[in-house]
Amino acid sequence: MIILSIISLIFSFLLQGIITNFISFNVNSLSIFSSVFVLVNLVVLQEYFESDKKFIILFLVFGLFMDIVYNSTVLISCFIFFAVFYINKGLNFFLPYNLLTVNLFSVVSMIVYHFITFLFLIIIRYDVFPFVYLFKIIGCNLLMTVIYTSIMYSLIKYIVKKFELRVVR
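Procedures and definitions
Residues numbered from 1 in each chain as written. Predicted model: local features only at pLDDT ≥ 70, side-chain atom pairs only at ≥ 80, totals over all residues. Heavy atoms only, no water. Helix = DSSP H or I, 4+ residues; strand = E, 2+ residues; numbered from the N terminus. Rg over C-alpha atoms; globule rule 2.2 N^0.38 Å. Buried < 20%, exposed > 50% of the residue type's maximum accessible area, 1.4 Å probe, protein only. Contact = heavy atoms within 4.5 Å. Lys, Arg positive; Asp, Glu negative; His and termini not counted. Charge placed at Lys NZ, Arg CZ, Asp CG, Glu CD. Salt bridge = Lys/Arg side-chain N within 4 Å of Asp/Glu carboxyl O. Core = buried A, V, L, I, M, F, W, Y, C linked by side-chain atoms within 4.5 Å. Phe/Tyr/Trp six-rings, centres within 6.5 Å; stacked < 30°, edge-to-face > 60°.

A. Geometry of the overall build of the protein. In terms of helices and strands, the protein carries six helices and zero strands. Listed N to C, the secondary structure of the protein is α-α-α-α-α-α in terms of helices and strands. In summary, the protein has a C-alpha radius of gyration of 16 Å against a globular reference of 15 Å for 169 residues, a match within 12%. For the protein, the C-alpha atoms occupy an extent of roughly 50 × 30 × 25 Å along the three principal directions. Counting every position in the protein, which comprises 169 residues, the buried fraction comes to 41%. Excluding contacts between residues fewer than 6 apart, the proportion of contacts in the protein whose partners are at least 24 apart in sequence is 73%. For the protein, the centre of its 10 positive side-chain charges and the centre of its 6 negative side-chain charges are spaced 4 Å apart.

Here is the structure:
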């Protein structure tokens, strides 16, 4: 299961780069094909890990990769991914793990990711945008987040059943 997780996360990481490089968008011209693919993949994979320690390591490693490669920052995505992990863990305690709830977790994770990033940019006064831009970004990311979550959920569930992979302990 670890190997499947790493392969799917690398795929999501590369897809993030392809989408951001080939579909040029900025705050004024957003694309519905954008999402935080690595975060969505991590949300889908969370059910297959009993060991929080191993899963947090994956969260932090890929959060650091996102920071270094795509955001040109250090530890911001790690912090946000870490916060999202605990939010999803709390939600997962109350709700069953199925396609509908995983899509809900992904949408909540994407909103939290963009909201914290937006607040951080305002606090450090790096880029100050009107609050309405946050809603535009979330709205544009919503469709692709649900589509990618559904695809990854179905694909990973199929592979886990086909190869009889076990939960990571």
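From this point, the discussion proceeds with the structure in view.
B. Spotlight on helix α2 (residues 37–45). Along α2, nine of the nine residues are buried, which leaves the element largely enclosed by surrounding structure. Where α2 is buried, its residues meet α1 (2–22), α3 (52–71), α4 (76–94), α5 (99–123) and α6 (131–163).

C. Representation of the pattern of salt bridges within the structure. All chains considered together, the criterion is met by one salt bridge. For Lys89, the salt bridge identified is with Asp52, shortest N-O distance 2.7 Å. A residue pair is termed long-range when its members are at least 10 positions apart, and Lys89 in helix α4 and Asp52 in helix α3 qualify at 37 residues. Residue Asp52 is classed as partly exposed on the basis of its relative accessible area of 27%.

D. Quick look at the nonpolar core. Core analysis: the biggest nonpolar cluster contains 37 residues, and Met1, Val38, Leu42, Phe55, Phe81 and Ile156 have the highest contact counts within it. For this core, the elements supplying multiple residues, two or more each, are α1, α2, α3, α4, α5 and α6. Ranked by residues supplied to this core, first place goes to α2 with seven residues.

E. Seen up close, the packing of aromatic side chains. Scanning the model with the defined rule gives 17 aromatic pairs in all. With a centroid separation of 4.8 Å and 40 degrees between ring planes, the pair formed by Phe49 and Phe55 is classed as tilted. Overall, the relative accessible area of 7% leaves Phe49 in the buried class. A ring pair is formed by Phe62 and Phe65, whose centres lie 5.6 Å apart and whose planes are at 85 degrees; its orientation type is edge-to-face. Of this pair, Phe62 and Phe65 both sit in helix α3, separated by three residues, roughly a single helical turn. In this structure Phe62 comes out as buried when scored by relative accessible area, which is 5%. Ring pairing ties together the aromatic residues Phe49, Phe55, Phe59, Phe81, Phe82, Phe85, Tyr86 and Tyr113, which thus form one cluster.

Read these as layout, nothing more, since geometry by itself doesn't imply function.
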